[in-house]
Number of protein chains: 2
Amino acid sequence: MLSQKIQKHLKQLQQKKFRKEFEEFIVEGVKGVEEGLNSDADVALLVVEGNRRDENDIAELITLAEKSEIPVEFCGRKDVDDIKTTDTFPGVLAVIGQEQLDLEDVVEGPIICLDEVKDPGNLGTIIRTADWFGIKNIVLSEKCVDVYNPKVVRSTMGSIFHVNILRSENISKTLERLKKEFEYEVNALDMEGKDITKLKPKNKAVYLFGSESHGVSDALEELIDNRYTISGSGDAESLNLAISAGILMSRLSS
Amino acid sequence: MLSQKIQKHLKQLQQKKFRKEFEEFIVEGVKGVEEGLNSDADVALLVVEGNRRDENDIAELITLAEKSEIPVEFCGRKDVDDIKTTDTFPGVLAVIGQEQLDLEDVVEGPIICLDEVKDPGNLGTIIRTADWFGIKNIVLSEKCVDVYNPKVVRSTMGSIFHVNILRSENISKTLERLKKEFEYEVNALDMEGKDITKLKPKNKAVYLFGSESHGVSDALEELIDNRYTISGSGDAESLNLAISAGILMSRLSS
């Protein structure tokens, strides 16, 4: 059984305002928890469903946590319904400290910058794809969905621990600083640019994606140095944002 | 108010077995319904939320339906809760006849073949992406999620009406026929192939994707002519299936 205090804390972390207040988030499932424990992340607590503690992969996580002196709590069936963020609780979760990055932490190599990604699955998939292609830096504007939303965390499949993710509070200012202080150029992906096959990967380049429906917001227009387009010859009105980002990232790494 | 008969029918169409029995499916929302009405699809019924009938885009759909002598029914607020497949009913839906294709209908140009896509959002996104790149043919194995599942339909954003989608009942046999009768070659995307940058687009080519976690099933191994890999230099274990398919399709069209 979990104490009431822990139970309350876990429930609170399902809401963005409490995640912000406590600077923590939850990762659920063996794969995500394992990546968290093996990363530099600050793991505050491991919670295991009591009757699954002897399953091999979960037992290994307990050992790993204990080695690092991370507290392990066991919960009953009843607790699970209160704390789970998925339909089926995968037997294990961890409470992890949010990483607070500065601009200086994301200026080695290209940067994927997302101006307005609202769909949690899309954001998670973009992080996972960046991790696949070895792209280390992602900058999120203030209009993006919270990167510590459980659905985002889940769809990163553990990659949230491998990529530097800066949450900007003023994306215009962040892009200005990247240009002036760090000599980055800003490349926007939109409908009226050069064909993406013409893109030459650069280290000091930001790749800026707007919202799926409205494109890059007007406030950022003047900061754009180049525009690229993923041309299509079919009838769809647009590409899914994560697909666009995936295609761009594959071009950067080939 | 909807008649009880129509209400029951709409509810039934939320289940795969009834969609199969009636050979129909539901598309919700202005964009999807519009694409359906403007396509060759057989639209059986338009259902409009009564108090939204005067909204411009919905009024246009009603005119469009009436021109084609498609019956239009109006529903009340209460009906909506029973028939909607999304949290917020977008004001309009259409009942559409399922297209029954033969192999002969998908043998012009390259074919995307999905052996095991379970996630509805992934399948919908793949269909939308194919439509963006002008790829006309998709073959689904018997292990895939139902293409007429409401979540799949929604995430195609209307592209379900632009792409030829063959639902195979025996994917091994379908691939064999494509090879023998139609001279297609089978290219599998997996972890141990040539780098995808080496791929030369061909018209008579199947691009075969296995499941995200297990790859292409053993039963199909002997049918594979070439293997390609989307190489990554990062730490993620795998790419999302829709992202892999998107990257492949962008290579086919560039």
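Not measured: the values here are computed from a predicted model.

Rules used in this analysis
Numbers given to residues run from 1 along each chain, matching the order in which its sequence is written. Each chain takes a letter, starting from A, and each ligand takes a number, starting from 1, following the order in which they are written. The predicted origin of the model limits local features to residues at a pLDDT of at least 70 and limits the giving and counting of side-chain atom pairs to 80 or more, whereas totals for whole chains, interfaces and linings rest on all residues. Note on contacts: each residue gets a C-beta atom placed from the backbone, and two residues are in contact if those atoms are within 7 Å. Numbering of helices and strands starts at the N terminus; helices are DSSP runs of H or I of at least 4 residues and strands are runs of E of at least 2. Just so you know the grouping, Ala, Val, Leu, Ile, Met, Phe, Trp, Tyr, Cys and Pro go in nonpolar, Asp, Glu, Lys and Arg go in charged, and all remaining residues, Gly too, go in polar. Each residue is classified by how many other C-beta atoms fall within 10 Å of its C-beta atom, where C-beta atoms are placed from the backbone; a count of 20 or more means buried, 12 or fewer means exposed, and values in between mean partly exposed. Criterion used throughout: strands pair if DSSP finds at least two bridges between them. Only the contacting stretch of a helix is used when fitting its axis, a line to C-alpha atoms as for every element, and angles between N-to-C directions run 0 to 180 degrees. Looking down the strands as they point away from you, a crossover is right-handed if its path from the first strand over the helix to the second goes clockwise. Arc definition: it is the arc formed by the directions from the helix axis to the C-beta atoms. Alignment of copies: least-squares fit on C-alpha atoms of residues with pLDDT of at least 70 in both copies. Oblique is the label for any angle not covered by the other classes, which are roughly parallel (under 35 degrees), roughly antiparallel (over 145) and roughly perpendicular (65 to 115). Where each domain begins and ends is defined by an automated method or by a domain database.

Caption draft 1: Up close: the interface of chain B and chain A. Taken together, the contacts link 27 residues of chain B with 27 residues of chain A. Secondary structure elements with two or more residues in the side of chain B that touches chain A: helix 6 (120–133) and helix 9 (241–252) of chain B. Counting residues per element, the side of chain B that touches chain A draws most heavily on helix 6 of chain B, at 7 residues. Residue classes in the side of chain B that touches chain A are distributed as 9 nonpolar, 15 polar and 3 charged.

Caption draft 2: Structural view of unusual backbone geometry. All names here are of chain A. Notably, Met157 is not glycine yet its phi reads approximately 55°, a positive angle. Counting through the fold element by element, Met157 comes out in the loop between helix 7 (150–155) and strand 7 (164–167). Since 22 C-beta atoms lie within 10 Å of it, Met157 is described here as buried.

Caption draft 3: Quick peek at the sheet that holds strand 5 (residues 111–114) of chain A. All names here are of chain A. One open sheet accounts for 6 strands, arranged 7-6-5-9-8-10; its pairing is parallel. Of all strands in the sheet, those bounded by a partner on one side alone are strand 7 and strand 10 (226–229). The mean angle between the axes of side-by-side strands here comes to 30°, regardless of whether they run parallel or antiparallel. Of the pairings in the sheet, the one linking strand 5 to strand 6 (residues 137–140) comprises 4 bridges and is parallel in character.

Caption draft 4: Up close: the pairing of strand 2 (residues 43–49) of chain B. Residue and element names in this part refer to chain B. In the sheet, strand 2 pairs with strand 4 (residues 92–97) via 5 bridges, with the strands oriented antiparallel. If you follow Leu46 over to strand 4, its bridge partner there is Ala94. Both strand 2 and strand 3 (residues 72–75) contribute to a ladder of 4 bridges, which runs parallel. Note on strand 3: the bridge partner recorded for Val47 is Glu73. For the segment spanning strand 2, helix 4 (residues 56–67) and strand 3, crossover handedness is right-handed.

Caption draft 5: Expanded view of helix 8 (residues 171–180) of chain A. All names here are of chain A. If you check which residues of helix 8 are buried, you get Ile171, Thr174, Leu175 and Leu178. Considered in projection along helix 8, the buried side chains sweep an arc of 95° and stay on one side of the axis. Among the exposed residues of helix 8, those oriented more than 90 degrees off its buried face are Lys173 and Lys180. Buried residues along helix 8 sit against strand 6, strand 8 (185–195) and strand 9 (205–209).

Caption draft 6: Looking closely at the environment of B:Lys180. All names here are of chain B. Position of Lys180 among the secondary structure elements: in helix 8 (residues 171–180). Taking the C-beta count within 10 Å as the criterion, Lys180 has 9 such neighbours and is therefore assigned exposed. Along the chain, Lys180 and Arg52 lie 128 residues apart, while their C-alpha atoms are 53 Å from each other.

Caption draft 7: Quick look at the relation of the copies chain B and chain A. Expressed as a screw operation, the relation of chain B to chain A combines 0.0 Å of axial shift with a rotation of 180°, fitting to an RMSD of 0.0 Å. Seen this way, the second copy is the image of the first under a two-fold rotation axis. An overlap of 100% is found between the interface residues of chain B and their copies at the interface of chain A, pointing to a shared contact surface.

Caption draft 8: The arrangement of the packing of helix 6 (residues 120–132) of chain A against helix 9 (residues 241–252) of chain A in detail. Residues and elements named next belong to chain A. The interhelical angle for the contact between helix 6 and helix 9, taken along N-to-C directions, is 10°, at an axis separation of 9 Å. The angle between the axes of helix 6 and helix 9 places the two elements in the roughly parallel class. When helix 6 is examined against helix 9, the residues Asn122, Thr125, Ile126, Thr129 and Ala130 are found in contact with a partner set consisting of Leu241, Ala242, Ala245, Gly246 and Met249. Residues belonging to the contact of helix 6 with helix 9 are distributed by class as follows: 6 nonpolar, 4 polar and no charged.

Caption draft 9: Just the domain arrangement of chain A, in detail. All names here are of chain A. What the domain assignment lists for chain A is domain 1 (4–97) and domain 2 (103–252). Once you take the C-alpha centre of each, domain 1 and domain 2 turn out to be 30 Å apart. With 15 residues of domain 1 in contact, the opposing surface of domain 2 contributes 8 residues. Taken together, the elements giving at least two residues each to the side of domain 1 that touches domain 2 come down to helix 2 (16–22), strand 1 (24–28) and helix 3 (30–37). Split into classes, the residues belonging to the side of domain 1 that touches domain 2 amount to 4 nonpolar, 6 polar and 5 charged.

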